[in-house]
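# Structural overview for review
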Amino acid sequence: MKIKSSYYKWVIAAISFLMVATALGFCSGNKSLYLKAITEALHIERRYFSLSDSFRYITTAVLNLFFGVQIAKMGPKKMILCGFGALIISCILYALGTNVFVFYLAGIFLGAGLAWCTTTVVAFVIGKWFTENVGTVMGIVLAANGLGVAVCAQIISPIIDAGTFGYRKAYLLTAAILGCIALLALIFFKDEPEDYAGSAELPTGKKKQPKRARKWEGIAYEEAKKRSYFWIMALCVFLIGISVQAASGHTVAHLKDIGLDPVFVTNVWSFHGLTLACAKILAGFCFDRFGLKITLFFCEMIGAVSIFLLAISSADTPVLAAIGATAISFALPLENIMLPLIAADMFGEKSYAKIMGMVVAFNTAGHAIGAPLTDLMFDMSPDHSYKTIFIIYAVLLAVIAIVFDVLLRKADKERALITAKNHDYGNPCQRN
């Protein structure tokens, strides 16, 4: 049975890869391709349409807050299938909608779908099936988002640009693709290895743990929430959710707004998708080799620079714009792969599912505010551009990089004290 499980974990990884590629790559990563098309076709102001993203992110945040309860009752497979069902409904509503209220409902289904079959549940599943190089495996699986973005941009963009309502055909095609992947999950996905002996929080495999994953007993959520660095961490994750998602989610519209050729923008965004795949693999690899502090700082600072480059780009500087749109890929692991790793590294295994769900919820709540805030700034700016808000996001992300470094050092000290105390207590000689 152990041999069977050791092989089947790669089947689970492959299904998770396809899940992320379609759910995140087609439904989330390329959502900016639809912004200009839908608002112009239906004559809707961007700030009102962007509220659908707020409904999406609020839904995801609320569901992630109760991730521990949901995963215990439903199990990963049922949750994933429900997620795909919600995503398909969302695509149909976006395709058929003619007013903002239908799009708001579509946003709610999109948020539910992404909460149930992407980052949080994938991190939970990978934690059950893999006991070594968890960061690298998670990075490879979540890199599917980037590949999905790259492939989707080439498939969807021509359909959207083919006519005023081309976006409707694009959404219906996406719904069909999601249905195919859901069928694969129904047939092949399994909740856990048959020889699994872990808990509902995290597996307790006997294999040698990766050097940098630093799995430890941790502290309960009731204790964690009394720590000041827990809430400062939550604020940083929340602000990352605002800045990174808002900047990346409006990059395509921004590049078109400053006068760059739509074909050039599509090709740049496809390359961005490929870079995103590499960025997530690199983030997972860096975590396993160098630890959380270095990986987070790298992602945050590259993200700050890339957003600044986007802000100062113009039609006369297409190379600068392309570099910014590509480099922002290295900030996007902050929204997914790094979140469960932050929870595990800072607070351990004791309340991992609950704390991870909350960390993802804080980040997603930032997404809910970032989208309408960014479009509000666009509508209010004299030149109708995202430049000012992008500069603010770049500075904010650089500050967060410094603050997070201080937080992780404080968390490391407390983790060392707790580990040493538990070790001494478990030693009969020390107790006597």
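All of these numbers come straight from a predicted model, not from anything done at the bench.

### Quick notes on unusual backbone geometry
Although it is not a glycine, His43 adopts a positive phi angle of roughly 55°. Along the chain, His43 turns up in the loop between helix H2 (32-42) and helix H3 (46-49). With a phi angle near 50°, His384 is a residue other than glycine that sits in the positive phi range. Within the secondary structure layout, His384 lies in the loop between helix H18 (352-380) and helix H19 (387-425). The partly exposed category is assigned to His384, whose relative accessible area is 42%.

### Re the packing of aromatic side chains
Using the criterion set out here, one finds 19 aromatic pairs in the structure. Taking the centre distance of 5.1 Å and the plane angle of 75° together, the rings of Trp10 and Phe130 count as edge-to-face. With Trp10 in helix H1 (residues 2-27) and Phe130 in the loop between helix H7 (119-129) and helix H8 (134-142), this pair connects stretches of sequence that are 120 residues apart. When the ring of Tyr221 is compared with that of Phe230, the centres are 6.2 Å apart and the planes differ by 70°; the resulting orientation is edge-to-face. Just as Tyr221 is buried, Phe230 falls in that class too.

### Observations regarding the pattern of salt bridges
According to the stated counting rule, one finds 12 salt bridges in the structure shown. With its nearest N and O atoms 3.6 Å apart, the salt bridge here joins Lys226 to Glu223. Connected via shared salt-bridge partners are Lys36, Glu40, Arg46 and Asp257.

### Overview of helix H14 (residues 262-290)
Here H14 contains 29 residues, and its C-alpha end-to-end distance of 39 Å stays within 8% of the 42 Å for a straight helix at 1.5 Å per residue. Two to three positions downstream of the cap, the backbone nitrogen of Val263 sits 3.1 Å from a side-chain oxygen, assigning the N-cap of H14 to Asp261. Of the residues flanking the end of H14, it is Gly291, one or two places downstream, whose phi is positive at about 95°.

### A closer look at the confidence of the model for the protein
This prediction gives the protein a mean pLDDT of 85; 91% of its residues lie at or above 70. When mean pLDDT is taken per element in the protein, helix H10 (residues 166-188) scores highest with 95 and helix H20 (residues 428-431) scores lowest with 45. Within the model, pLDDT remains below 50 along residues 199-213, and this stretch shows 41 contacts once partners closer than five positions in the same chain are excluded. Confidence drops under pLDDT 50 across residues 428-432; counting only partners more than four residues distant or on other chains, this segment forms 4 contacts.

### Quick look at the packing of helix H17 (residues 338-347) against H18
Interhelical geometry of H17 versus H18 gives an angle of 130° and a closest axis separation of 9 Å. Judged on the interaxial angle alone, H18 and H17 are oblique. Two packed elements cross with a definite hand, and for H17 against H18 that hand is right-handed. The residues of H18 that touch H17, namely those facing Leu339, Pro340, Ala343, Ala344 and Phe347, are Tyr352, Ile355, Met356, Val359, Val360 and Asn363. Of the residues contributing to the contact of H17 with H18, the split by class is 10 nonpolar, 1 polar and no charged.

About the thresholds
Residues numbered from 1 in each chain as written. Predicted model: local features only at pLDDT ≥ 70, side-chain atom pairs only at ≥ 80, totals over all residues. Heavy atoms only, no water. Helix = DSSP H or I, 4+ residues; strand = E, 2+ residues; numbered from the N terminus. Buried < 20%, exposed > 50% of the residue type's maximum accessible area, 1.4 Å probe, protein only. Phe/Tyr/Trp six-rings, centres within 6.5 Å; stacked < 30°, edge-to-face > 60°. Salt bridge = Lys/Arg side-chain N within 4 Å of Asp/Glu carboxyl O. Expected span 1.5 Å × (residues − 1). Polar contact = N/O pair within 3.5 Å; in protein donor to acceptor, adjacent residues only side chain to side chain. pLDDT = per-residue confidence, 0-100. Contact = heavy atoms within 4.5 Å. Axes fitted to C-alpha atoms, helices over the stretch in contact; angles between N-to-C directions. Parallel < 35°, antiparallel > 145°, perpendicular 65-115°, else oblique. Left-handed = near helix turned anticlockwise from the far one by under 90°. Nonpolar A, V, L, I, M, F, W, Y, C, P; charged D, E, K, R; others polar.

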